[in-house]
Amino acid sequence: MSWYAIGAVDRALSRTREALLEPFDFWKWVKLAIIVFLLGGVSSYGNSSGYNIGSEDLKKQFSYY
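Nothing here was measured: the structure is a model prediction, and the numbers come from that model.

Trainee: What's the story with the overall build of the protein in this structure? I'm lost.
Mentor: Of regular secondary structure, the protein possesses three helices and zero strands. Its helices and strands in sequence order give the protein the pattern α-α-α, from N to C terminus. Counting across all 65 residues of the protein, residues that qualify as buried make up 0%. Just so you have it, the protein exposes about 6500 Å², and 67% of that area is on carbon and sulfur atoms.

What follows is the structure, encoded as structure tokens:
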């Protein structure tokens, strides 16, 4: 019996290691950190108002009282 998922994860980890660590590039890590920082800021502020749109309509539609 083959373990395809284990093999896929192993391949993904080795390719990620090769892409990020093997030819270590400081500026690649700086760019990646900036992107992660900006995405974290956008997602923390962007999602707070997105789920409130139409929430009163949903409460009325799905309320049983």
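Trainee: So what exactly am I meant to see when it comes to the environment of W29 here?
Mentor: As for its placement among the helices and strands, W29 is situated in helix α2 (residues 26–50). In contact with W29, not counting residues within four places along its chain, are L20, L21 and F24. Among the polar contacts listed, one links the side chain of W29 to the backbone oxygen of L20, at a separation of 3.2 Å.

Trainee: What am I meant to see in a nonpolar patch on the surface here?
Mentor: A contiguous nonpolar patch, built from L21, F24, F26, W27, W29, L32 and V36 and spanning about 770 Å² of accessible area, is present on the exposed surface. For L32, the position within the fold is in helix α2.

Trainee: Sorry if this is basic, but what is going on with the packing of aromatic side chains here?
Mentor: Between two aromatic rings, the relevant description is the distance of the centres plus the angle of the planes. Scanning the model with the defined rule gives one aromatic pair in all. Ring plane angle 75° and centroid distance 5.3 Å describe the contact between F26 and W27, whose orientation is recorded as edge-to-face.

Conventions adopted
Residues numbered from 1 in each chain as written. Predicted model: local features only at pLDDT ≥ 70, side-chain atom pairs only at ≥ 80, totals over all residues. Heavy atoms only, no water. Helix = DSSP H or I, 4+ residues; strand = E, 2+ residues; numbered from the N terminus. Buried < 20%, exposed > 50% of the residue type's maximum accessible area, 1.4 Å probe, protein only. Areas by Shrake-Rupley, 256 points an atom, 1.4 Å probe, with all protein chains shown as cover. Contact = heavy atoms within 4.5 Å. Polar contact = N/O pair within 3.5 Å; in protein donor to acceptor, adjacent residues only side chain to side chain. Patch = residues over 30% accessible without salt bridge, like charges linked within 9 Å, V, L, I, M, F, W, Y side chains within 5 Å. Salt bridge = Lys/Arg side-chain N within 4 Å of Asp/Glu carboxyl O. Phe/Tyr/Trp six-rings, centres within 6.5 Å; stacked < 30°, edge-to-face > 60°.

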